[in-house]
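Chain by chain, the residues run as shown.
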Amino acid sequence: LLVEAINWNGKDDRYYRASSQAALSLLSMELNKKGNDADKTTKIQNYLVSSINLAKRATEISPRESMNWSNLGDVYQNLMGLVDGVDRLAEDSYLKAARLRSGDASFYNKIGSMYLAKSDLSRQLAASGGVNAVKFKQEIMPNLVRAEENFKKAIDLSDNFGLAIYNLGAVYDRLGKVREAIVQLEKIAPYNSKQPTLAFELGLLYYRDNQKDKALDQLRRAVLLSSDFANARWYLGLLYEERRDI
């Protein structure tokens, strides 16, 4: 249907944006299929190239439309781990979108999220060993620093941007800055009082910071909000055991 729409009106950037996302979905489906034959390899390459070219075409048709540049950034970000250097291309695309829609903090949050994900990927690859383990280990900290910078930019533009505040807390957590991570999550906790996952994460941070009473309160809250939250129950049990409340 999207191909027919493009053939009917090839000057509408919306069709190219939608088609690029469709190509990404097909790429994901192909990557998740079992086996590794020549046909699969060819399809992966075709979907990968198509997703980029379609997203680029949208920016060529309407270069002043921020959504086109944001979409191109999303495409590049989704190709991390498959294509080297796409993180920089994604950042450039998001920055172009930010210049076209100044004051929109979401683009900096996207950049920060990308570098946070890249840091996590580097951490996993470094832990798995191999000839490039040292290289991946060296990439962890610079990517966390880039993530922190961009989340801060997002918060500077919108000081109530809950997702960016949460993500900045995640960066501090990975940096081992537990107190700083707690501060970020405490900012958004009152506005997300029905979220058991947030209560659980805040409880773990309190536990690591030796604020055991606060940890107990948050873990109890997580279980109250979600009675089948297994991880929250496990850590709550651990805290009761430490208190000898068998």
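Rules and cut-offs
- Residues numbered from 1 in each chain as written.
- Predicted model: local features only at pLDDT ≥ 70, side-chain atom pairs only at ≥ 80, totals over all residues.
- Heavy atoms only, no water.
- Axes fitted to C-alpha atoms, helices over the stretch in contact; angles between N-to-C directions.
- Helix = DSSP H or I, 4+ residues; strand = E, 2+ residues; numbered from the N terminus.
- Parallel < 35°, antiparallel > 145°, perpendicular 65-115°, else oblique.
- Left-handed = near helix turned anticlockwise from the far one by under 90°.
- Contact = heavy atoms within 4.5 Å.
- Nonpolar A, V, L, I, M, F, W, Y, C, P; charged D, E, K, R; others polar.
- Phe/Tyr/Trp six-rings, centres within 6.5 Å; stacked < 30°, edge-to-face > 60°.
- Buried < 20%, exposed > 50% of the residue type's maximum accessible area, 1.4 Å probe, protein only.

J.: Can you help me understand the packing of helix H4 (residues 66-78) against helix H5 (residues 86-100) in this one?
T.: Each pair of packed helices can be summarised by the angle the axes make with each other and by the distance between the axes. It is at 8 Å that the axes of H4 and H5 come closest, and there the two elements cross at 165°. Viewed along their axes, H4 and H5 adopt a mutual orientation that is roughly antiparallel. Viewed along their axes, H4 and H5 form a crossing whose handedness is left-handed. Two secondary-structure elements touch here, H4 through Ser66, Trp69, Ser70, Leu72, Gly73, Asp74, Tyr76 and Gln77 and H5 through Val86, Leu89, Ala90, Ser93, Tyr94, Lys96, Ala97 and Leu100. Within the contact of H4 with H5, the residues separate by chemical class into 9 nonpolar, 5 polar and 2 charged.

J.: What am I meant to see in unusual backbone geometry here?
T.: Trans peptide bonds make up most of the peptide bonds, and negative phi angles are found at most residues other than glycine. Backbone geometry at asparagine 210 places phi at a positive 65°, although glycine is not the residue there. Here asparagine 210 lies in the loop between helix H10 (196-208) and helix H11 (212-225). Positioned with a positive phi, arginine 244 is a non-glycine residue whose angle comes to about 60°. Topologically, arginine 244 is positioned in the segment after helix H12 (230-242).

J.: What is the right way to read the packing of aromatic side chains from this model?
T.: The geometry of an aromatic ring pair is captured by two quantities: the separation of the ring centres and the angle between the planes. Taken as a whole and judged by the stated rule, the model has 3 aromatic pairs. Taken together, a centroid distance of 5.0 Å and an interplanar angle of 45° make the contact between phenylalanine 200 and phenylalanine 229 tilted. Of this pair, phenylalanine 200 sits in helix H10 while phenylalanine 229 is found in the loop between H11 and H12, placing the two residues 29 residues apart along the sequence. A residue is classified by how much of its surface remains accessible, and phenylalanine 200, at 10% relative accessible area, is buried. A ring pair is formed by tryptophan 234 and tyrosine 235, whose centres lie 5.0 Å apart and whose planes are at 80°; its orientation type is edge-to-face. Judged by relative accessible area, which is 29%, tyrosine 235 ranks as partly exposed. Aromatic ring contacts, followed pair by pair, group Phe200, Phe229, Trp234 and Tyr235 into a single cluster.

J.: Sorry if this is basic, but what is going on with the packing of H10 against H11 here?
T.: Interhelical geometry of H10 versus H11 gives an angle of 160° and a closest axis separation of 8 Å. In terms of orientation, H10 and H11 fall into the roughly antiparallel class. The chirality of how H10 crosses H11 is left-handed. Note on element contacts: H11 touches H10 through Lys212, Lys214, Ala215, Gln218, Leu219, Arg221, Ala222 and Leu225, opposite Pro196, Ala199, Phe200, Leu202, Gly203, Tyr206 and Tyr207. Looking at the contact of H10 with H11 residue by residue, the classes come out as 10 nonpolar, 2 polar and 3 charged.

J.: I keep staring at the environment of serine 51 and nothing clicks. Help me out?
T.: Note that serine 51 resides in helix H3 (residues 38-61). Serine 51 sits 174 residues away from leucine 225 along the chain, and the two C-alpha atoms are 41 Å apart. If near-sequence neighbours (up to four positions away) are discounted, serine 51 is found in contact with Ser20, Ala23, Leu24, Val75 and Leu79.

J.: Whenever I open this one, the environment of leucine 202 confuses me. Can you help?
T.: Relative to the helices and strands, leucine 202 resides in helix H10. Each C-alpha atom of the pair leucine 202 and valine 49 lies 42 Å from the other, and the pair is 153 residues apart in sequence. If we skip the residues at most four places from it in the chain, leucine 202 touches Ile182, Leu185, Glu186, Ala189 and Gln218.

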